[in-house]
Amino acid sequence: MTRLSNPQIVLGDAATEGSVLTVNTNEAGRVAVLVDGTEAVSASSASRRIVLITFDVAAEDNGVSEIRFTDTMAPRSVSGGNGDSLSTRYVNGSVRLTD
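Residues numbered from 1 in each chain as written. Predicted model: local features only at pLDDT ≥ 70, side-chain atom pairs only at ≥ 80, totals over all residues. Heavy atoms only, no water.

Engineer: How should I be thinking about the overall build of the protein in this particular structure?
Structural biologist: Along its length, the protein carries zero helices and six strands. C-alpha atoms of the protein, sized along the principal axes, occupy 45 × 30 × 25 Å. Per-residue burial for the protein yields a buried fraction of 11% across its 99 residues. Sequence-distant contacts in the protein: of pairs separated by 6 or more residues, those separated by 24 or more amount to 62%. A total of about 7,800 Å² of accessible surface is found on the protein, and carbon and sulfur atoms cover 45% of it. Put simply, the protein has 8 plus and 12 minus side-chain charges, and the middle of one group is 8 Å from the middle of the other. (Helix = DSSP H or I, 4+ residues; strand = E, 2+ residues; numbered from the N terminus. Buried < 20%, exposed > 50% of the residue type's maximum accessible area, 1.4 Å probe, protein only. Contact = heavy atoms within 4.5 Å. Areas by Shrake-Rupley, 256 points an atom, 1.4 Å probe, with all protein chains shown as cover. Lys, Arg positive; Asp, Glu negative; His and termini not counted. Charge placed at Lys NZ, Arg CZ, Asp CG, Glu CD.)

Engineer: Whenever I open this one, the side chain of T16 confuses me. Can you help?
Structural biologist: By the secondary structure assignment, T16 is in the loop between strand 1 (4–11) and strand 2 (20–24). At 3.3 Å, the side chain of T16 forms a polar contact with the backbone oxygen of E39. Ignoring anything within four residues of it in the chain, the contact list for T16 reads E39, A40 and V41. (Polar contact = N/O pair within 3.5 Å; in protein donor to acceptor, adjacent residues only side chain to side chain.)

Engineer: Would you mind showing me how to read unusual backbone geometry here?
Structural biologist: Glycine aside, residues mostly have negative phi, and peptide bonds are mostly found in the trans state. Residue N6 is not a glycine yet carries a positive backbone phi of 50°. Within the fold, N6 resides in strand 1. According to the relative accessible area criterion, N6 is partly exposed, its value standing at 41%.

Engineer: Could you clarify how one ought to interpret a nonpolar patch on the surface in this entry?
Structural biologist: A cluster of nonpolar side chains, L11, V23, V31, V33, V35, I53, F55, I67 and V95, forms an exposed patch at the surface whose accessible area comes to about 570 Å². Mapped by element, the contributors of at least two residues to the nonpolar patch are strand 3 (32–36) and strand 4 (51–57). When you line up the elements, F55 lands in strand 4. The class of F55 is partly exposed, set by a relative accessible area of 31%. (Patch = residues over 30% accessible without salt bridge, like charges linked within 9 Å, V, L, I, M, F, W, Y side chains within 5 Å. Salt bridge = Lys/Arg side-chain N within 4 Å of Asp/Glu carboxyl O.)

As structure tokens, this is what we get:
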């Protein structure tokens, strides 16, 4: 059963000015996101919202939906201003739906 559908993806408030968002939602149950920009996003230990993804929720549905980062649609990566690969931690999670 698909609890989450119709993903809506927008740039978050921490995305730098002039950032370009490219998304791929062609494969059911998967979302690929690319954020490209000419200005660096400052490093921070605080949570920063670069991308915001919202979903429609199946009516009267309870349960848990997993949110996972994978390399299925595109390799996970974060690059610096010179195109060099930056160390990044990807954290999977879940969404608990209740009435």
